[in-house]
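Below, each chain spelled out in residue letters.
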Amino acid sequence: KNEVEQSPQNLTAQEGEFITINCSYSVGISALHWLQQHPGGGIVSLFMLSSGKKKHGRLIATINIQEKHSSLHITASHPRDSAVYICAVTLNNAGNMLTFGGGTRLMVKP
Amino acid sequence: DTEVTQTPKHLVMGMTNKKSLKCEQHMGHRAMYWYKQKAKKPPELMFVYSYEKLSINESVPSRFSPECPNSSLLNLHLHALQPEDSALYLCASSQEVGGYTFGSGTRLTVV
């Protein structure tokens, strides 16, 4: 079993829909990262969380440390949000190394 | 400057060639990373430099040779690669603890 699991693996939405991507982890972490990767492109860091909730524009990330679970929400989705969203964690006592989830491939249709 | 710059963006090389990938950051980050990413897979860690010293080598074949000439630059020297080494090579940087900044990657094709 992977230490970081994401769901769903693939997601198709209509423009304007509210989107939720989930990430669960099974180990102690010092931080959780949400990353975005457009097709053929580099990775953009969206959020780094160790507790609570963060918001940036239409993106909201939450984390529940007790339940070992995080969600990434996209409000008023747009076709330009189509990308792979990757959850990654830094493990306790493992420095700043990232352990990646498998990614969620999101397509937003106009 | 809040970017990690990677060059070249695309590279095609033969199996007998020697080439280098370059990565540069001016954010004062003291950790720099090389990742390899195959299609539809998450990145795989190759090397970590911390304070310009190689701190992690994830059992990468010797045909990949990293170099950190100074705190802003990271190179990956390639020699005698195989077609299965074709992938997106990503560079990233971070402080000792904290968020990452990734480059846009070099798409490498070995023919």
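A.B. asks: Even after reading the chapter, I still don't get the nonpolar core, so can you show me in this structure?
C.D. replies: Considering soluble globular proteins, one finds that nonpolar side chains tend to be buried as a cluster. Of all hydrophobic cores here, the largest spans 24 residues; its most connected members are Leu32(A), Trp34(A), Leu72(A) and Tyr85(A). Only β3 (19-25), β4 (29-37), β5 (43-49), β7 (59-64), β8 (69-74), β9 (83-91) and β11 (104-109) of chain A provide two or more residues apiece to this core. Top element by residues in this core is β9(A). It accounts for five residues. Core analysis: the next-biggest nonpolar cluster, separate from the first, contains 22 residues, Val4(B), Trp34(B), Leu74(B) and Leu76(B) among them.

A.B. asks: How should I be thinking about the state of the cysteines in this particular structure?
C.D. replies: Chemically, a disulfide is nothing more than a covalent bond linking the sulfur atoms of two cysteines. All chains considered together, the criterion is met by two disulfides over all chains. Here Cys23(A) is linked by a disulfide to Cys87(A), with a sulfur-sulfur distance of 2.0 Å. Classification of the bridge connecting Cys23(A) and Cys87(A) rests on its S-S torsion, roughly -65 degrees, and on that basis the disulfide is left-handed. Placement of the pair is Cys23(A) in strand β3 and Cys87(A) in strand β9, with a sequence separation of 64 residues. In this model Cys23(B) forms its disulfide with Cys91(B); the gap between the sulfur atoms is 1.8 Å.

A.B. asks: How should I be thinking about the side chain of Thr101(B) in this particular structure?
C.D. replies: Mapping Thr101(B) onto the fold places it in strand β10 (residues 100-102). When neighbours within four sequence positions are excluded, Thr101(B) is seen to be in contact with Thr2(B), Glu3(B), Val4(B), Met27(B), His29(B), Cys91(B), Ala92(B) and Ser93(B).

A.B. asks: Help me understand the pairing of β5(A), please; the structure alone is not making it clear to me.
C.D. replies: Sheet faces and side chains relate simply in a regular strand, where the side chains alternate between the two faces. Residues and elements named next belong to chain A. Where β4 lies against β5, six bridges are found, and the strand directions are antiparallel. Bridge pairing in β5 links Gln37 to Ile43. Between β4 and the antiparallel strand that follows it, β5, lie five residues; Gly40 among them carries a positive phi value of about 70 degrees.

A.B. asks: Is there a simple way to think about the sheet that holds β8(A) in this case?
C.D. replies: What holds strands together in a sheet is hydrogen bonding between their backbones, with the strands either parallel or antiparallel. All names here are of chain A. Taken together, the five strands give an open sheet; going across it, the order is β1-β3-β8-β7-β6, and neighbouring strands pair in antiparallel fashion. Edge positions in the open sheet fall to β1 (4-7) and β6 (52-56), since each of these has one partner strand only. Strand-to-strand, the axes of this sheet are offset by a mean angle of 15 degrees, without reference to chain direction. Note: β3 against β8, six bridges, orientation antiparallel.

A.B. asks: Looking at this model, I keep getting lost on the interface of chain A and chain B. Mind explaining?
C.D. replies: Interface size is commonly expressed as the accessible surface area that is lost when the partners come together. Every contact between the two is made by 17 residues of chain A and, on the other side, 22 residues of chain B. Together, the buried faces of chain A and chain B total about 1,400 Å²; carbon and sulfur atoms form 62% of this surface. The tally of links between chain A and chain B comes to zero salt bridges. Counting across the chain A and chain B interface gives six residue pairs in polar contact (both at pLDDT 80 or more). Mapped onto the side of chain A that touches chain B, the elements with two or more residues apiece are β4, β5 and β10 (98-100) of chain A. In terms of residue class, the side of chain A that touches chain B is built from seven nonpolar, nine polar and one charged.

Thresholds applied
- The residue numbering used here restarts from 1 in each chain and proceeds along that chain's sequence as written.
- Chains carry letters and ligands carry numbers; both start at the beginning, A for chains and 1 for ligands, and go up in the order they are written.
- Side-chain atom pairs in this predicted model are given and counted only at pLDDT of 80 or more, local residue features only at pLDDT of at least 70, and totals for whole chains, interfaces and linings cover all residues.
- Values reported for side chains reflect all heavy atoms of the structure, with hydrogen atoms and water molecules removed beforehand.
- Buried Ala, Val, Leu, Ile, Met, Phe, Trp, Tyr and Cys residues that are joined via side-chain atoms within 4.5 Å together make up what is termed a nonpolar core.
- For the exposure calls, accessible area comes from a 1.4 Å probe over protein chains only, and a residue counts as buried if that area is under 20% of its type's maximum, exposed if over 50%, partly exposed in between.
- Every helix listed is a DSSP run of H or I at least four residues long, and every strand listed is a run of E at least two residues long, numbered separately from the N terminus.
- Sulfur atoms of two cysteines make up a disulfide when they are within 2.5 Å.
- A contact between two residues is defined here by any heavy atoms of the two lying within 4.5 Å.
- The pairing criterion for strands is at least two bridges between them, as found by DSSP.
- Helix axes use the C-alpha atoms of the stretch in contact, all axes being lines fitted to C-alpha atoms, and the angles between their N-to-C directions lie in the range 0 to 180 degrees.
- Simply put, the buried area is the total loss of 1.4 Å probe accessible area from both parts when two parts are fitted together.
- Any Lys or Arg side-chain nitrogen found within 4 Å of a carboxyl oxygen on Asp or Glu counts as a salt bridge.
- Residues adjacent in sequence count toward polar contacts only when both atoms are side-chain atoms; beyond that, a polar contact is any pair of N or O atoms within 3.5 Å, and within protein one must be able to donate a hydrogen and the other to accept it.
- Three categories are distinguished: nonpolar for Ala, Val, Leu, Ile, Met, Phe, Trp, Tyr, Cys and Pro, charged for Asp, Glu, Lys and Arg, and polar for the others, with Gly belonging to the last.

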